[in-house]
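Residues per chain, in single letters:
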Amino acid sequence: MANIPEHVVSEYERLKDELNQHNHCYYVLDDPSVPDSEYDRQMRLLQDIEQQHPSLLTADSPSQRVGGEALSAFTQVRHDVAMLSLENAFNDTELEDFDRRVKDRLNYAALKEAPEIEYACEPKLDGVAVSLLYQDGLLVRGATRGDGTVGEDITANVRTINSIPLKLVGTDIPSLLEVRGEIYLPRAGFEALNAKAIAADEKAFVNPRNAAAGSLRQLDSKITASRPLEMCAYSVGQFQAKAIPDTHLNMIKALGGWGFKINEHVEAVIGIAACEDYYRTMAERRDGLAYDIDGIVYKVNELKLQERLGFVAKAPRWAIARKFPAQEEMTKLLDVEFQVGRTGAVTPVARLEPVFVGGVTVSNATLHNGNEIKRLGICIGDTVIIRRAGDVIPQIAKVILEKRPANAEEIVFPERCPVCESPVKRAESEAVARCSGGLFCGAQIKQAIKHFASRKAMDIDGLGDKLVELLVGQGVIFSVADLYDLRVEQLMGLERLAEKSAANLVAAIHSSKQTSLAKFFYSLGIREVGETTGQTLANNFGSLDVVIAADAETLLEVDDIGPIVAGYIVDFFRNPDNLSIIQALREAGVQWPDIDQNAQASQPLKGQTWVLTGGMDIMSRAEAKDRLQELGAKVAGSVSAKTVQVVAGPGAGSKLTKAQKLHIPVMDEAEFIEFLSKV
Ligand code: IVH
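Residues numbered from 1 in each chain as written. Predicted model: local features only at pLDDT ≥ 70, side-chain atom pairs only at ≥ 80, totals over all residues. Heavy atoms only, no water.

Packing of helix 17 (residues 531–541) against helix 22 (residues 621–630) brings their axes to within 10 Å, and their N-to-C directions diverge by 35°. Taken as a pair, helix 17 and helix 22 cross one another with a handedness that is right-handed. Taking contact as the criterion, the partners of Glu531, Thr532, Gln535 and Asn539 in helix 17 are, on helix 22, Lys625, Gln629 and Glu630. (Axes fitted to C-alpha atoms, helices over the stretch in contact; angles between N-to-C directions. Helix = DSSP H or I, 4+ residues; strand = E, 2+ residues; numbered from the N terminus. Left-handed = near helix turned anticlockwise from the far one by under 90°. Contact = heavy atoms within 4.5 Å.)

Rendered as structure tokens:
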């Protein structure tokens with residue numbers, strides 16, 4: 001190092017400290033201190049120095065988090081202080097017994113007025129236990145728990161975990177510190193990891209804990225580096241420092257100060273009744289957490305008391321885990337039914353022997369699609385593992401092949417729609433199979449009618465979802481065209497519909513006949529044809545018949561229509577059932593003014609992107625949008641360099657600020673109305 005200029009060395013140290021600091025803000029505090037671009041820039045400077053002066057490179061360099069050379073095996077590590085496990089309590093009584101044992105052991109019976117014990121309460125994270133050793137503030141070793149006495153050296157892997165400090169920060173850094181904690185995969189990371197595995201036709205992990213364990217067991221630390229693992233500190237093994245905290249909570253706070261992530265829900269309470277309250281509060285929060293927890297850990301807070309209590313066999317007497325209901329259970333797949341959704345998607349639904357999992361009884365789970373059935377290799381009669389965690393719908397995580405009965409039945413995907421018998425088709429690029437019945441399919445009729453009647457479509461006031469269910473359910477109507485034949489007397493016979501409402505509904509249906517071409521396109525419920533595409537079709541082709549006759553190539557000439565949407569549009573209008581419904585609608589009197597294609601003047605805003613933001617007093621936002629689209633403009637939801645004009649009303653916020661930054665012209669509502677009167 002002798003011939004490296006002093007200023008390079010100090011610049012290198014400065015960059016290392018600064019990057020470690022940014023890393024801490026980003027991964028531990030969830031509060032980024034600089035934009036990603038700045039972090040990347042500093043990292044490149046650091047790497048440049050390391051490349052020019054390799055002798056400077058140390059293990060605490062943030063450049064080392066990407067992983068290094070693969071190992072051929074893990075070496076063993078002996079824990080100087082054993083890594084214990086916890087005793088479990090499954091109900092309040094067992095928790096109260098624990099509290100009594102603690103008090104007995106401390107001889108509280110002999111006291112006149114025995115105090116309640118103070119307990120530190122913390123979530124029991126569902127991951128993998130780890131030991132991290134720091135000498136003079138530097139991370140020197142990471143190890144698994146193993147059997148509690150001997151674990152494996154996973155130093156290279158733990159270095160890649162961003163929330164693990166490579167070098168401690170803050171004051172009074174201990175000369176020796178062995179931190180214990182949990183390495184876990186947050187739910188979002190787990191979902192993403194599995195989605196990737198499934199897309200690559202690889203085996204998915206059953207749960208985040210297995211995924212975390214699998215990620216740590218990698219001999220190639222680059223693989224570990226690619227997994228979004230986190231680590232949270234919850235206790236200390238070896239510890240040599242000037243001052244030792246008096247309570248567990250203060251110890252945890254000290255760990256936080258030295259740069260570790262600590263759990264945000266850690267709290268000290270007095271007495272076992274308060275512990276039970278904490279359990280209930282956390283049980284309610286459990287689904288909303290970003291990570292899996294499988295219970296609560298209670299620890300006697302005062303470290304002196306912990307010392308007096310000591311250990312039995314492999315667990316401390318001063319701590320206990322109160323378990324939550326399991327998030328995984330075993331059950332049986334009884335049958336598979338195929339449901340047809342709004343867009344005709346045919347979804348296999350597993351009927352299960354009811355099982356209590358993640359706090360609720362589950363008797364159904366989606367199997368998503370045919371690929372999922374293949375991937376799981378599942379048969380009717382199989383024993384499966386159901387997982388229900390967080391707000392995620394219950395999933396079949398795994399099939400237990402060893403338990404497959406001799407009469408297990410293969411699941412056959414239907415070739416015809418279970419509702420209307422039209423062929424089920426699957427596009428090559430898609431995993432989902434769909435009923436090709438369109439507006440003719442019973443299952444799709446209800447959804448199609450609800451959409452047709454909705455405000456932005458034909459806007460039939462008074463025709464809500466419940467009424468649509470009733471009308472279709474009782475066989476009063478079979479398609480959107482039937483709406484126009486409904487009579488007041490017919491409606492009055494239905495539940496809950498008084499004469500006045502029936503008459504109002506018929507009147508609303510009648511007045512919906514006058515519509516616009518754009519709204520009509522949207523009302524048909526063609527896949528991926530939303531309001532904007534409806535308007536695009538109307539603006540560019542001017543008439544329904546032109547679109548019906550158009551092939552994909554013609555549709556693709558329009559800027560905003562891509563091959564997928566073009567395909568859906570062509571398919572829709574090739575379907576004779578859809579055409580006969582359109583014919584019936586026209587015969588019933590549904591009409592709109594066609595748009596004169598030659599009169600360019602009718603679309604003076606063609607090619608322009610506008611943004612509406614803030615409130616409007618005179619016009620409604622929907623009206624303003626309609627007017628702009630009629631004039632050919634595209635109305636976008638966010639401001640970008642493409643925006644040509646912003647209309648900002650009272651309360652406009654970030655969109656207005658962005659427009660001003662980008663020097664995009666802004667007008668208020670009065671100016672907008674005046675503008676409309678002139679175009
Ligand atoms: S304390 C002597 N605190 O649970 C104390 N453990 O069954 C030992 N765990 O192997 C651990 N969250 O992996 C403690 N807040 C927490 C925990 C926790 C999860 C795990 C840990 C341990 C297992 C014990």
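Okay, back to it.
Here we take up the sheet that holds strand 5 (residues 138–144). Pairing is antiparallel across the open sheet formed by four strands, whose spatial order is 5-4-7-8. Both outer strands of the open sheet, strand 5 and strand 8 (230–240), are each paired with one neighbouring strand and no more. Sheet twist, expressed as the average angle between the axes of neighbouring strands with direction ignored, equals 25°. In the packing of helix 6 (residues 208–216) onto the sheet, contacts are made with strand 4 (128–135) and strand 7 (176–184), and the angle to strand 4 comes to roughly 45°. (Pairing = 2+ DSSP bridges.)

Residues in close proximity to the ligand include Leu84, Leu86, Glu122, Pro123, Lys124, Leu125, Ala129, Glu182, Tyr234, Val297, Lys299 and Pro316, which together make up its full environment. Leucine 125 is positioned such that a nitrogen or oxygen atom in its backbone is 3.0 Å from a nitrogen atom of the ligand. Interatomic distance of 2.5 Å between a side-chain N/O atom of glutamate 182 and an oxygen atom of the ligand. Here the ligand loses 88% of its free accessible area of 520 Å² to cover by the protein chains. Within the residue set of the shell around the ligand, elements represented by two or more residues are strand 3 (118–125) and strand 10 (293–300). (Near = heavy atom within 4 Å. Polar contact = N/O pair within 3.5 Å; in protein donor to acceptor, adjacent residues only side chain to side chain. Areas by Shrake-Rupley, 256 points an atom, 1.4 Å probe, with all protein chains shown as cover.)

Okay, the pattern of salt bridges next. Taken as a whole and judged by the stated rule, the model has 37 salt bridges. We note a salt bridge from glutamate 116 to lysine 103, for which the minimum N-O separation is 3.0 Å. With glutamate 116 in the loop between helix 3 (92–105) and strand 3 and lysine 103 in helix 3, this pair connects stretches of sequence that are 13 residues apart. We note a salt bridge from aspartate 626 to lysine 519, for which the minimum N-O separation is 3.3 Å. Taken together, the positions of aspartate 626 in helix 22 and lysine 519 in helix 16 (residues 517–523) put the pair 107 residues apart, joining distant regions of the chain. Because the salt bridges share partners, they merge into one network encompassing Arg187, Asp292, Glu328 and Arg387. (Salt bridge = Lys/Arg side-chain N within 4 Å of Asp/Glu carboxyl O.)

Ile460, Leu483 and Phe573 are the most contacted members of the largest nonpolar core, which has 53 residues in total. Looking at this core, the elements that each hand over two or more residues are helix 12 (442–453), helix 13 (465–473), helix 15 (499–511), helix 16, helix 17, helix 18 (544–549), helix 20 (563–574) and helix 21 (576–587). With seven residues, the top contributor of residues to this core is helix 20. Setting aside anything within four residues of it in sequence, one finds isoleucine 460 in contact with Phe452, Ala453, Leu483, Tyr484, Leu505, Ala508, Ile509 and Ser512. Counting 32 residues, the second-largest nonpolar core is a separate cluster that includes Ile154, Ile164, Ala212 and Trp258. (Core = buried A, V, L, I, M, F, W, Y, C linked by side-chain atoms within 4.5 Å. Buried < 20%, exposed > 50% of the residue type's maximum accessible area, 1.4 Å probe, protein only.)

Moving on, we get to the pairing of strand 7. Counting buried residues along strand 7, nine of its nine residues qualify, which places the element largely inside the surrounding structure. Here strand 7 shows no split at all, with Leu176, Glu178, Arg180, Glu182 and Tyr184 on one side and Leu177, Val179, Gly181 and Ile183 on the other all buried. Note: strand 4 against strand 7, eight bridges, orientation antiparallel. Counted as the bridge partner of alanine 129 is glutamate 182 from strand 7. Here strand 7 pairs with strand 8 via eight bridges, running antiparallel. Bridged to isoleucine 183 within strand 8 is methionine 231.

Here we have five strands laid out as an open sheet, ordered 2-13-10-3-9, and mixed in their pairing. A strand with exactly one partner marks an edge of an open sheet, and here the two such strands are strand 2 (88–89) and strand 9 (267–270). One ladder, built from five bridges, connects strand 10 with strand 13 (residues 319–323); its direction is antiparallel. Bridge pairing in strand 13 links isoleucine 296 to arginine 322.

Turning to unusual backbone geometry, a few remarks are in order. In terms of backbone geometry, most residues other than glycine have negative phi values and most peptide bonds are trans. In this model, asparagine 107 sits at a positive phi of 65°, which is unusual for a non-glycine residue. Structurally, the position occupied by asparagine 107 is in the loop between helix 3 and strand 3. Of note, histidine 368 is a non-glycine position whose phi angle comes to about 65°, a positive value. Tracing the backbone shows histidine 368 in the loop between strand 16 (360–366) and helix 11 (370–376).

You can see glutamine 47 is positioned in helix 2 (residues 36–52). Here glutamine 47 falls in the partly exposed class, since its relative accessible area comes to 35%. Taking C-alpha positions, glutamine 47 is 10.0 Å from leucine 15, a pair spaced 32 residues apart along the chain.

Let's shift gears to the packing of aromatic side chains. The final tally for this structure, using the stated rule, is 13 aromatic pairs. Judged by centre distance (5.9 Å) and plane angle (40°), the rings of phenylalanine 98 and tyrosine 119 are tilted. One end of the pair, phenylalanine 98, is in helix 3; the other, tyrosine 119, is in strand 3, and 21 residues separate them in sequence. With a relative accessible area of 0%, tyrosine 119 lands in the buried category. Pairing tyrosine 134 with phenylalanine 260 gives two aromatic rings, centres 5.4 Å apart and planes at 90°, and the pair type is edge-to-face. Of this pair, tyrosine 134 sits in strand 4 while phenylalanine 260 sits in the loop between helix 8 (248–257) and strand 9, and the two are 126 residues apart along the sequence. We note that tyrosine 134, like phenylalanine 260, is buried. Ring pairing ties together the aromatic residues Trp610, Phe672 and Phe675, which thus form one cluster. In this arrangement the basic side chain of arginine 322 is found over the ring face of tyrosine 279, its NZ or CZ atom lying 3.9 Å from the centre. (Phe/Tyr/Trp six-rings, centres within 6.5 Å; stacked < 30°, edge-to-face > 60°. Lys NZ or Arg CZ within 6 Å of the ring centre and 35° of its normal.)

Let us look at the state of the cysteines. Applying the stated criterion to the full structure yields zero disulfides. Of all cysteine sulfurs in the structure, the one in cysteine 435 sits closest to cysteine 417, which takes part in no disulfide; the separation is 3.6 Å. A relative accessible area of 2% means that cysteine 417 is categorised as buried. (Disulfide = S-S within 2.5 Å.)

Distances and angles like these do not, on their own, reveal function.
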